[in-house]
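Chains, contacts and geometry: an overview
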Amino acid sequence: MKKTLLIEKLIEISNGDKVSFHTPGHKFGKIFTKLKCERILESLTIIDSTELAETDNLHQPIGIIKKAQENAAEAFNSDKTFFLVNGSTAGVYAMIMSAVEPGNKIIIGRDCHQSVINALILGDIQPIYIYPEADVKNGITLGISPEKVEALLVEHKEIKAVLITYPTYYGIASDLKKITEIAHKYDKIMLVDGAHGAHLGLSEKLPITPMECGVDAVVESTHKTLLSLTQSSMLHVKGNRIDREKLKFMLRVHQSSSPSYILMASLDLAANIYKEKGNYLMDNLLCNIREFKKRIKNVEGVTILDERITERKSVEALDQTKIYIKLKGVLGSRFEQVLRKDYDIEMEMANEKGVLGITSIANEKEDFSKLALAIEEISQRYSKVPKPEDILKNIITNNNCNFSIDTPECIYTPRKAHYMKKGPILLKKSVGLVCGESIVPYPPGIPLIVAGELIREETVQRLLQIKREKTKLLGMKDANMEYIEIIQTNEVK
Ligand SMILES: Cc1ncc(COP(=O)(O)O)c(C=O)c1O
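Bear in mind the structure is a predicted one, so any value in this text is a computation, not a measurement. (Residues numbered from 1 in each chain as written. Predicted model: local features only at pLDDT ≥ 70, side-chain atom pairs only at ≥ 80, totals over all residues. Heavy atoms only, no water.)

**Quick word on helix α11 (residues 244-254)**
What counts here: Accessible area is worked out with a 1.4 Å probe on protein chains only. A residue is then buried under 20% of its type maximum, exposed over 50%, and partly exposed in between. Only runs of H or I of at least four residues qualify as helices and only runs of E of at least two qualify as strands under DSSP, and these elements are numbered from the N terminus. Here the arc refers to the directions that run from the helix axis out to each C-beta atom. Any pair of residues with heavy atoms lying within 4.5 Å of one another is described as a contacting pair. In protein, a polar contact requires one atom able to donate a hydrogen and another able to accept it; more generally it is a pair of N or O atoms within 3.5 Å, and residues adjacent in sequence count only if both atoms are side-chain atoms.
Within the span of α11, buried status applies to Leu247, Met250, Leu251 and His254. Summarising the axial view, the buried residues of α11 lie within an arc of 105°, below the 170-degree limit, and thus occupy one face. Against the buried residues of α11 lie β2 (80-84), α5 (87-99), α6 (114-123) and β11 (233-237). Capping the start of α11, Asp243 holds a side-chain oxygen 3.0 Å from the backbone nitrogen of Glu245, two or three residues further along.

**Focus: unusual backbone geometry**
Leaving glycine out, the prevailing phi sign among residues is negative, and the prevailing peptide bond configuration is trans. The omega torsion across Thr23 and Pro24 is 0°, close enough to zero to call that bond cis. Checked against the element boundaries, Pro24 lands in the loop between β1 (19-21) and α2 (30-34). For Lys36, which is not glycine, the phi dihedral falls at a positive 60°. Residue placement: Lys36 occurs in the loop between α2 and α3 (39-42). Judged by relative accessible area, which is 71%, Lys36 ranks as exposed.

**Observations concerning helix α12 (residues 261-296)**
Where we set the bar: The length a helix should cover is 1.5 Å for every residue beyond the first. At any given residue, the bend is defined as the angle formed between two axes, one fitted to the seven residues that end at that position and one fitted to the seven that begin there.
In this model, α12 (36 residues) spans only 43 Å end to end at C-alpha, well below the 52 Å of a helix rising 1.5 Å per residue. Residue Lys277 marks the point of greatest curvature in α12, where the axis turns by about 75°.

**What to know about a nonpolar patch on the surface**
Inclusion rule: Patch construction takes residues with relative accessible area above 30% that form no salt bridge. Like charges are linked within 9 Å, and nonpolar side chains (Val, Leu, Ile, Met, Phe, Trp, Tyr) are linked within 5 Å. The accessible surface values rely on the Shrake-Rupley method and a 1.4 Å probe; as for residues, cover is taken only from the protein chains in view. Between Lys or Arg on one side and Asp or Glu on the other, a salt bridge is scored when a side-chain nitrogen of the former is within 4 Å of a carboxyl oxygen of the latter.
Taken together, the side chains of Leu6, Ile7, Leu10, Ile11 and Ile13 define a hydrophobic patch exposed on the protein surface, amounting to about 480 Å² of accessible area. In this fold, Leu10 is placed in helix α1 (residues 5-15).

**Regarding the sheet that holds strand β17 (residues 354-358)**
Cut-off, in case you're wondering: The criterion for strand pairing is that DSSP finds at least two bridges linking the strands in question. In this analysis an axis means a line fitted to C-alpha atoms, helices contributing only their contacting stretch, and an angle means the value between N-to-C directions, from 0 to 180 degrees.
Taken in spatial order, the four strands line up as β12-β14-β17-β16 in an open sheet, and their pairing is antiparallel. Strands with a single pairing partner mark the edges of an open sheet, and in this sheet they are β12 (302-304) and β16 (349-350). In the packing of helix α13 (residues 332-343) onto the sheet, the strands contacted are β14 (322-327), β16 and β17, and the crossing angle to β17 comes to about 50°. Each of β12 and β14 touches helix α14 (residues 365-382); the most contacted strand, β14, lies at about 15° to it.

**A look at the sheet that holds strand β10 (residues 217-220)**
An order of β2-β11-β10-β9-β7-β3-β4 is seen for the seven strands of this open sheet, with the pairing classed as mixed. Each edge of the open sheet carries a strand with a single partner, namely β2 and β4 (126-130). Between one strand axis and the next, the sheet turns by 20° as a mean value, whatever way the strands run. By the bridge criterion, five bridges tie β2 to β11 in an arrangement that is antiparallel. Within β11, the position partnered with Thr81 by the bridge is His236. Contacts from helix α8 (residues 176-185) reach β7 (159-165) and β9 (189-193) within the one sheet, and its direction differs from that of β9 by about 150°.

**Things to note about the site of the ligand**
Here is the rule: Put simply, a residue is near a molecule or strand once any heavy atom of it comes within 4 Å of that molecule or strand.
The environment of the ligand is made up of 13 residues, and the closest members are Ser88, Thr89, Asp193, His196 and His223. At 2.6 Å from an oxygen atom of the ligand is found a side-chain nitrogen or oxygen belonging to Thr89. Take Asp193: an N or O atom from its side chain is 2.6 Å from a nitrogen atom of the ligand. About the coverage of the ligand: the protein hides 83% of its 390 Å² of free accessible area. Contributions of two or more residues to the shell around the ligand are made by α5 and α10 (222-225).

**A closer look at the pattern of salt bridges**
Enumeration over the complete set of coordinates arrives at 25 salt bridges. Note that Lys105 and Glu158 form a salt bridge whose closest N and O atoms lie 2.7 Å from each other. Taken together, the residues Lys105 in strand β3 (residues 105-109) and Glu158 in the loop between α7 (146-155) and β7 connect sequence positions 53 residues apart. One salt bridge in this structure joins Glu336 and Arg340, with 3.8 Å as the shortest N-O distance. Placement of both Glu336 and Arg340 in helix α13 is noted, with a separation of four residues, approximately one turn of the helix.

**Description of the packing of α5 against α11**
Applied cut-off: In what follows, roughly perpendicular refers to angles from 65 to 115 degrees, roughly parallel to angles under 35, roughly antiparallel to angles over 145, and oblique to any angle outside these ranges. It is the rotation of the near helix from the far one that decides the hand of a crossing: anticlockwise by less than a right angle makes it left-handed, clockwise makes it right-handed. Gly falls in the polar group here, along with every residue not listed as nonpolar (Ala, Val, Leu, Ile, Met, Phe, Trp, Tyr, Cys, Pro) or charged (Asp, Glu, Lys, Arg).
The N-to-C vectors of α5 and α11 enclose an angle of 140°; their axes lie 8 Å apart at closest approach. The angle between the axes of α5 and α11 places the two elements in the oblique class. Regarding α5 and α11, the two cross each other, and that crossing is right-handed. Between α5 and α11, the residues in contact are Ala90, Tyr93, Ala94, Met95, Met97 and Ser98 and Lys246, Leu247, Met250, Leu251 and His254, respectively. Of the residues in the contact of α5 with α11, the class split is eight nonpolar, two polar and one charged.

**Concerning the packing of α5 against α6**
In contact at an axis separation of 9 Å, α5 and α6 are set at 45° when each is read in the N-to-C sense. Overall, the two elements α5 and α6 adopt an arrangement that is oblique. For the pair α5 and α6, the sense of crossing is right-handed. Each of Thr89, Val92, Tyr93, Ile96 and Met97 in α5 lies in contact with α6, whose residues at this interface are Ser115, Val116, Asn118, Ala119, Leu122 and Gly123. Grouping the amino acids of the contact of α5 with α6 by side-chain chemistry returns seven nonpolar, four polar and no charged.

**Quick notes on the packing of aromatic side chains**
When we look at a pair of aromatic rings, we describe it by the centre distance and by the angle of the planes. We apply this condition: Two aromatic rings from Phe, Tyr or Trp, using only the six-membered ring of Trp, form a pair when their centres are within 6.5 Å; if the ring planes differ by under 30 degrees the pair is stacked, by over 60 it is edge-to-face, and anything between is tilted. Only lysine NZ and arginine CZ atoms are considered, and such an atom sits over a ring when it is within 6 Å of the ring centre and within 35 degrees of the ring normal.
Taken as a whole and assessed by the stated rule, the structure comprises four aromatic pairs. A centroid spacing of 5.0 Å and a plane angle of 75° characterise the contact between Tyr170 and Tyr324, whose relative ring orientation is edge-to-face. One end of the pair, Tyr170, is in the loop between β7 and β8 (172-173); the other, Tyr324, is in strand β14, with 154 residues separating them in the sequence. Each member of the aromatic cluster is reached from another via a ring pair, and the members are Phe21, Phe292 and Phe368. One residue, Arg110, lies across the ring of Tyr129, its end atom 4.4 Å from the ring centre.

These results come straight from atomic positions and should not be treated as a statement about function.
Take a look at the structure:
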């Protein structure tokens, strides 16, 4: 047999001693052996089924899938739970497109994931963006203000729904209860992208769950922060503001007609563990995180995002299972690289200022000891002699932020812009023209500009800055960032 490149590489990685503070939440699956439920792993190929008489049908469940979804609904406190096999991405599409009809408007947190923007293109929906508060010092975005949501609902009476990300990648939780009350007061549908919050119901020390806040629907990536396999997620619904038949139709549109039984089985398992052992495992995790933070609190040059962030007006709570660490004098990307190369510790991501780790109930006490030791050593090695280029870069970035705090003027809706004729123009000559691509600097992943919006002097200056600093960026056709795509005429391609 020829080499099976993927399998060999993946097994090699998982057999090593790598410590995982990234997704998926099961962290190389070792937790399944610990919890004595490794049978699912051993049976992976034999449970890979299709719709047989006894295996039910995800798109019209009446048997084992129906029962498994009902069990999950009970565990996650929803009226109805749908298993998702095409990631939260498909759930976001279905949720938005069943709540808002073509041509209608929705309030969207501008710090949304690209799946939200893509849903607007697919559904021909018009966004009214709302900006989160910015934390320039930490290089992250904070929460969405309920007052701002209310002001927009008063101004734009025709809005149909509100959608925010809760919690954010960095664990920031807005006052979702208040935002939901406001949305419902104005008879709007409240939707949540909860991709990073599937675990929130496991402890009172974590931000309150969207279901407890009374939202109408939330999509959660069970695979990111709980124990199901990558690409498996859940959509939870409460009340009757969302038309269930429309939602089921949209789920059929956006999901495979051959849904993976392996993924569905892993969701069933994750919901079972959540219900039976989740609280206990989460208590352990939070205890390990507390000890870790205590240990590195006094390490020279280290700052950790902690509960003090809730003093900021827009932040109601912090999801402590996300660990955002900055080390003075060391760029986030360098910090991440040293952790990976010298300590075999894989973080979720880095920004210019720090690194982000996503922990889960599958992380062991030992993982935190290794991370703490690594940070202590790196601090010794680097904070004393910062590299000249690091200092220079820090001076540049400390004064700037990768996100704007107001929306460029929208000339065409995302869908209209998507289908219009486009072409390149020198970036420096693009001010006043309509952008033909959606450009997203990472992190924080907030679109700097969305296709159909007007290019401003500020947009160009920020792009030039991003080019200088070599920040990661998605969506620009010209990798050299000399040219930007603009909409050329009103004609459709
Ligand atoms: C905020 C947010 N929403 C939605 C998604 C899409 O989730 P999935 O990867 O499960 O499709 C992501 C993915 O990273 C995300 O960060």
